[in-house]
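# Observations on the three-dimensional arrangement
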Amino acid sequence: MKVIRVGRGKNNDEVLNDSTVSRNHLEIFFGDDGLVVVTDLNSANGTTVNGKKITTPTKLDSLDILKAGNSLIKWKNYLKDSNDYNQEINTEIKEEEQINEIEENDFNSKNQSNNIIKDYKKELITLSVISFLLIIVFLFKDKFQKVEGAITMFEKVETLYTNYVEPIFDKVSLQKKQRTDVTYDFTCMNNNPENEIITGLGDFKRTTDEIFLSDVQVSINDEIKMGNNLLKSYKSQYTVITSGEIVNYLRNILDDLTSRIARPRGFNYQIYYIKGDEDNVITSGGKIFVFEKFYNRFDNSSEVAAVIAHEIAHNEIGHLTSYVKKQKVANDFGVFGEIFLELENAFTPPSFNQKQEVQADLFGIDLVHPTSYNPCSSIDFWKRLAESERQRDSYENFMTTHPTSISRLKCIRNHLKSNYNINCN
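Residues numbered from 1 in each chain as written. Predicted model: local features only at pLDDT ≥ 70, side-chain atom pairs only at ≥ 80, totals over all residues. Heavy atoms only, no water.

## Looking at helix α12 (residues 354-368)
Here α12 is 15 residues long and its end C-alpha atoms lie 21 Å apart, about the 21 Å a rise of 1.5 Å per residue gives. α12 sits mainly inside the fold: 13 of its 15 residues count as buried. (Helix = DSSP H or I, 4+ residues; strand = E, 2+ residues; numbered from the N terminus. Expected span 1.5 Å × (residues − 1). Buried < 20%, exposed > 50% of the residue type's maximum accessible area, 1.4 Å probe, protein only.)

Dropping the structure here:
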């Protein structure tokens with residue numbers, strides 16, 4: 001008798017690097033008499049047997065197909081009783097436990113863009129096998145009627161086709177990605193000469209940064225390290241929530257949105273709920289931090305999706321890459337580098353980033369559009385914020401990283417109209 005635990009957590013017997021898999025997702029009981037039972041451990045995305053989500057301990061038969069989230073579980077491998085096989089499994093688990101968090105995230109990020117394709121290859125192979133069996137059984141059904149147990153086998157194959165193969169077709173056809181043929185129009189920001197200056201100077205600053213930093217190499221791993229450092233900082237200042245109802249709710253929205261990215265850079269996205277005084281949502285290195293005060297502003301899931309999609313956009317577009325490059329250069333020059341970086345930050349108006357904020361808004365809308373969330377809800381959200389937002393003077397406008405809520409909702413409305421022919425009130 002043995003019990004195998006499966007999940008993303010390193011304490012499991014089988015560790016899966018899949019964002020749709022919970023840290024402790026499921027366990028499989030293998031009895032000495034051949035009985036095999038799978039139990040879901042209250043996972044976020046569920047456990048399925050032959051395409052049906054289970055809610056109670058379920059007996060597995062030899063032809064049953066078991067999945068945790070989007071990952072296929074080769075549960076029959078654990079029926080092997082070979083000492084060499086068990087030793088191999090234990091060795092793999094120990095090796096995985098030695099990998100630090102940065103390296104694990106980097107490995108996940110490089111393979112994230114291929115996960116869906118790999119899953120579909122496995123499923124198409126299974127589809128071919130089941131379809132072949134179904135054809136054989138149909139062609140020779142009359143002869144099989146004389147064979148004991150043949151009809152039962154026919155019914156099982158037919159059930160597999162209905163419960164597993166057909167959902168594959170549905171999954172493939174319904175899984176829409178963000179469009180890449182859209183155009184971004186930023187004229188919506190230029191409602192006065194001052195904003196035109198801010199946009200122009202911001203573009204000039206980013207262009208010069210790209211020229212001077214063109215030889216500095218930055219990997220996703222560097223951005224992930226920055227995100228990990230921010231997480232450590234927040235844990236020392238605030239109460240960081242990593243599980244529970246709200247986090248699961250946010251994670252489900254995050255997973256839906258990240259699955260829509262057309263050309264993912266490779267981040268393994270994670271989301272955290274923070275109890276603190278800040279009124280913000282922040283991202284770094286694929287990590288998204290939602291503060292309680294800002295979370296309470298949302299009226300519905302569509303508004304939450306729009307803001308999370310905005311944070312995903314910052315990572316996918318590479319808005320933080322320039323800062324990481326500057327930090328690497330500053331580190332090379334020691335104290336003088338840090339002084340230069342502080343001076344550069346002090347004399348660079350935060351308003352130069354306003355165009356990037358709008359760009360993230362529009363990229364986020366492209367992620368929301370193929371989902372079931374309402375993209376027009378983001379306009380409602382910024383409209384509410386605009387009602388409580390007082391008019392800025394010139395100094396305040398130069399000293400803030402975000403454009404006015406009125407400008408943001410206007411840009412989003414124009415984007416939906418020109419690219420998707422959607423009219424929002």
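Anyway, onward from the coordinates.
## A word on the packing of aromatic side chains
A ring pair, where both rings are aromatic, is described by two values, the distance of the centres and the angle of the planes. Per the stated rule, a full pass over the model turns up 14 aromatic pairs. For the pair Tyr-273 and Tyr-295, a centre-to-centre distance of 5.3 Å together with 75 degrees between the ring planes defines the contact as edge-to-face. Of this pair, Tyr-273 sits in strand β11 (residues 270-275) while Tyr-295 sits in helix α8 (residues 292-295), and the two are 22 residues apart along the sequence. A single burial state applies to Tyr-273 and to Tyr-295, both of which are buried. Ring plane angle 75 degrees and centroid distance 5.7 Å describe the contact between Phe-294 and Phe-298, whose orientation is recorded as edge-to-face. On the accessibility criterion, Phe-294 (10% relative accessible area) is buried. Phe-298 sits in the buried class, given a relative accessible area of 13%. Here the aromatic residues Tyr-273, Phe-294, Tyr-295, Phe-298, Phe-381 and Trp-382 are joined through ring pairs into a cluster of three or more. Here the guanidinium or amino end of Lys-2 rests over the ring plane of Phe-30, the centre of that ring lying 5.6 Å away. (Phe/Tyr/Trp six-rings, centres within 6.5 Å; stacked < 30°, edge-to-face > 60°. Lys NZ or Arg CZ within 6 Å of the ring centre and 35° of its normal.)

## Brief notes about the sheet that holds strand β4 (residues 36-40)
In a beta sheet, neighbouring strands pair by backbone hydrogen bonds and run either parallel or antiparallel. Spatial ordering of the open sheet is given by β2-β1-β3-β4-β7, a layout of 5 strands whose pairing is mixed. Among the strands making up the open sheet, the edge pair consists of β2 (14-15) and β7 (58-59). In this sheet, β4 lies alongside strand β3 (residues 26-30) in antiparallel orientation, the contact comprising 5 bridges. The residue bridging Ile-28 from the neighbouring strand is Val-38, located in β4. (Pairing = 2+ DSSP bridges.)

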